[in-house]
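Descriptive analysis of the structure
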Amino acid sequence: MFSQLTDWALEFARNHLLHYGPLGLAVLSFSEAIFFPVPPDVLLVPLTLLDPQNGLLYGLVTVASSVTGGLVGYFLGRSLGRPLLIRLVGAKRVEPLEAYFQRYGALAVGLAAFTPLPYKAFTVGAGALGLRDVKGFVLASVIGRAGRFVPEAMLLSLYGERILDVLTSYIDAVGYATIAAAAVYLAFILLRRRARARGPSSPRRPSSP
């Protein structure tokens, strides 16, 4: 599923998005951090392959635009609260997100910024669910987004189609493993939180003879 989606996204970018260049990459990266479902990779990859000398520039444009969009998403979540988050991710996902932020704070944003987890859910969620560490939010976003997009752009600049073949070869396994690990971990946090809320069960009194 992931490799087929990647192939489709790259073909779509080559046919419809490349003529927008860095501006299109900036707009895509900005909007994906708030609401848009298409990740910046679908334009970053073909742009870098066609113009490898500017690969680092494309990576930095992606990082800066994505972090800026994430900050806008954060303040939108802070202003509009849970109703916006529910419309974005659905009511069932709000409680696991809240548990995640309560346990890890801004670090949760950094994880989403680096992995295939939906970054927009964590940017809006951080504001809607009461994360007040704005500096930590920005720092985690910069580290996560830079750790993902800059090496990707540099590897594509240096090795071109060869590294792309390697990435698409393993994207299925990486995608499924990431989703499975995130689901198990979030379920564990949620169950632990509920167990703490219940507290220890009171001991039974012995029955009268």
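Being a predicted model, the structure only gives us computed values, none of them experimental. (Residues numbered from 1 in each chain as written. Predicted model: local features only at pLDDT ≥ 70, side-chain atom pairs only at ≥ 80, totals over all residues. Heavy atoms only, no water.)

As a further point, take the side chain of Thr62. If you trace the backbone, Thr62 turns up in helix 4 (residues 55-80). Here Thr62 falls in the buried class, since its relative accessible area comes to 0%. (Helix = DSSP H or I, 4+ residues; strand = E, 2+ residues; numbered from the N terminus. Buried < 20%, exposed > 50% of the residue type's maximum accessible area, 1.4 Å probe, protein only.)

Next up on the list: the nonpolar core. The biggest cluster of nonpolar side chains holds 23 residues, and the ones touching the most others in it are Leu85, Leu97, Phe101, Val109, Phe122, Ala126 and Leu131. Counting only elements with at least two residues in this core, the list comes to helix 5 (82-89), helix 6 (94-104), helix 7 (106-114) and helix 8 (119-128). Looking at which element gives the most residues to this core, the answer is helix 8, with six residues. In this structure Leu131 touches Tyr74, Phe101, Gly105, Ala106, Val109, Ala126 and Phe137, once residues within four positions along its chain are discounted. Counting residues in each nonpolar core, the second largest holds 12 residues, with Leu43, Leu47, Tyr58 and Val63 among its members. (Core = buried A, V, L, I, M, F, W, Y, C linked by side-chain atoms within 4.5 Å. Contact = heavy atoms within 4.5 Å.)

Across all of its chains, the model carries three salt bridges by this definition. For Arg148, the salt bridge identified is with Asp41, shortest N-O distance 2.7 Å. Placement of the pair is Arg148 in helix 9 (residues 134-159) and Asp41 in helix 3 (residues 41-50), with a sequence separation of 107 residues. With respect to burial, Arg148 and Asp41 carry one shared label: buried. Close ionic contact of Arg82 with Glu98 constitutes a salt bridge, the shortest N to O distance being 2.8 Å. In this pair, Arg82 is assigned in helix 5 and Glu98 in helix 6, connecting sequence segments 16 residues apart. (Salt bridge = Lys/Arg side-chain N within 4 Å of Asp/Glu carboxyl O.)

Turning our attention to the environment of Glu98. Accessibility expressed as a relative area gives 17% for Glu98, which makes it buried. Separated by 33 residues in sequence, Glu98 and Leu131 place their C-alpha atoms 9.8 Å apart. Leave out the neighbours within four places in its chain, and Glu98 touches Arg82, Leu129 and Arg193. A polar atom in the side chain of Glu98 sits 2.8 Å from the side chain of Arg82. (Polar contact = N/O pair within 3.5 Å; in protein donor to acceptor, adjacent residues only side chain to side chain.)

Moving on, we come to a nonpolar patch on the surface. Taken together, the side chains of Phe30, Val72, Leu76 and Leu80 make up a nonpolar region of the molecular surface, amounting to roughly 310 Å² of accessible area. Top contributing element to the nonpolar patch by residue count: helix 4, with three residues. When you line up the elements, Leu76 lands in helix 4. (Patch = residues over 30% accessible without salt bridge, like charges linked within 9 Å, V, L, I, M, F, W, Y side chains within 5 Å. Areas by Shrake-Rupley, 256 points an atom, 1.4 Å probe, with all protein chains shown as cover.)

Glancing now at the environment of Ala153. As for its position among the elements, Ala153 is in helix 9. Of the residues examined, Ala153 reaches a relative accessible area of 0% and is grouped as buried. For the pair Ala153 and Val45, spaced 108 residues apart in sequence, the C-alpha separation works out to 7.1 Å. Excluding residues that lie within four positions of it along the chain, Ala153 makes contacts with Leu44, Thr48, Gly55 and Gly59.

Glancing now at the side chain of Ser31. Assignment of secondary structure puts Ser31 in helix 2 (residues 21-32). Residue Ser31 is classed as buried on the basis of its relative accessible area of 12%. Within the structure, Ser31 has its side chain in polar contact with the backbone oxygen of Val27 (distance 2.9 Å).

Okay, the environment of Gly144 next. Residue position: Gly144 is located in helix 9. Residues Gly144 and Val63, 81 residues apart in the sequence, show an inter-C-alpha distance of 9.0 Å. Those residues within four positions of Gly144 in sequence are excluded, and the remaining contacts are Gly110, Ala113 and Phe114.

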